[in-house]
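Overview (structure and organization)
The chain contents come next:
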Amino acid sequence: QVQLVESGGGLVQPGGSLRLSCAASGSIFSIILMGWYRQAPGKERELVASITSSGRTNYADSVKGRFTISRDNGKNTANLQMNSLKPEDTAVYYCKGVTSSGVRDYWGQGTQVTVSS
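No experiment lies behind these values; they were computed from the predicted model shown.

1. Quick word on the overall build of the chain
- Scanning the chain for helices and strands turns up zero helices and 11 strands.
- Of the regular secondary structure in the chain, the N- to C-terminal order runs β-β-β-β-β-β-β-β-β-β-β.
- On C-alpha atoms alone, the chain measures out to a radius of gyration of 13 Å, which is about the 13 Å that the 2.2 N^0.38 rule sets for 117 residues.
- The principal-axis extent of the C-alpha atoms belonging to the chain is close to 45 × 25 × 25 Å.
- Per-residue burial over the chain gives 43% buried out of 117 residues.
- Counting only contacts in the chain whose residues sit at least 6 apart along the sequence, the fraction spanning at least 24 positions is 54%.
- Taking the 12 positively charged and 8 negatively charged side chains of the chain as two groups, their mean positions are separated by 4 Å.

Structure follows, in structure tokens:
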């Protein structure tokens, strides 16, 4: 069992920055990948960034060069540093955890990010 809780969302102006955190608990050492997804109103949930237990990262083209994902096993967290934010980044951001069993994915409750003047 893995539990994920996101934090750090809020309102920011275009060009600003936010840092999201995902705190994991439970069988945290079984997590082989953590990812950030987002879902804007009227749109499908999409991958933003992911990081494996070995440190390999992937980013959506729309956020490359602006967002950075990192994982802190010591603090049981995965972070998403978001810079140069754009209005189109506005969405609910969700943290996902994939365990070594591969039986199911785990999701956090989501945190709202709003980029607006």
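2. Structural notes on the pairing of strand S9 (residues 91-99)
- Of all nine residues making up S9, eight are buried, and the element is well covered by its neighbours.
- Bridge count for strand S4 (residues 31-39) against S9 is eight bridges, and the pairing is antiparallel. Its bridge partner lying in S9, Tyr37 is registered against Tyr94.
- Here S9 pairs with strand S11 (residues 111-115) via three bridges, running antiparallel. Residue pairing in the sheet places Val92 in a bridge with Gln112 of S11.
- The pairing of S9 with strand S10 (residues 105-107) spans three bridges and is classified as antiparallel. Its bridge partner being in S10, Val98 is matched across the sheet by Asp105.

3. Observations concerning the environment of Ile51
- Following the sequence through the fold, Ile51 ends up in strand S5 (residues 46-52).
- In this structure the C-alpha to C-alpha distance between Ile51 and Thr99, which are 48 residues apart in sequence, comes to 13 Å.
- Contact partners of Ile51, with chain neighbours within four places excluded, come to Ile32, Leu33, Met34, Arg56, Thr57, Ile69, Ser70 and Arg71.

Conventions adopted
- Residues numbered from 1 in each chain as written.
- Predicted model: local features only at pLDDT ≥ 70, side-chain atom pairs only at ≥ 80, totals over all residues.
- Heavy atoms only, no water.
- Helix = DSSP H or I, 4+ residues; strand = E, 2+ residues; numbered from the N terminus.
- Rg over C-alpha atoms; globule rule 2.2 N^0.38 Å.
- Buried < 20%, exposed > 50% of the residue type's maximum accessible area, 1.4 Å probe, protein only.
- Contact = heavy atoms within 4.5 Å.
- Lys, Arg positive; Asp, Glu negative; His and termini not counted.
- Charge placed at Lys NZ, Arg CZ, Asp CG, Glu CD.
- Pairing = 2+ DSSP bridges.

Spatial relationships are all this shows, so hold off on functional conclusions.
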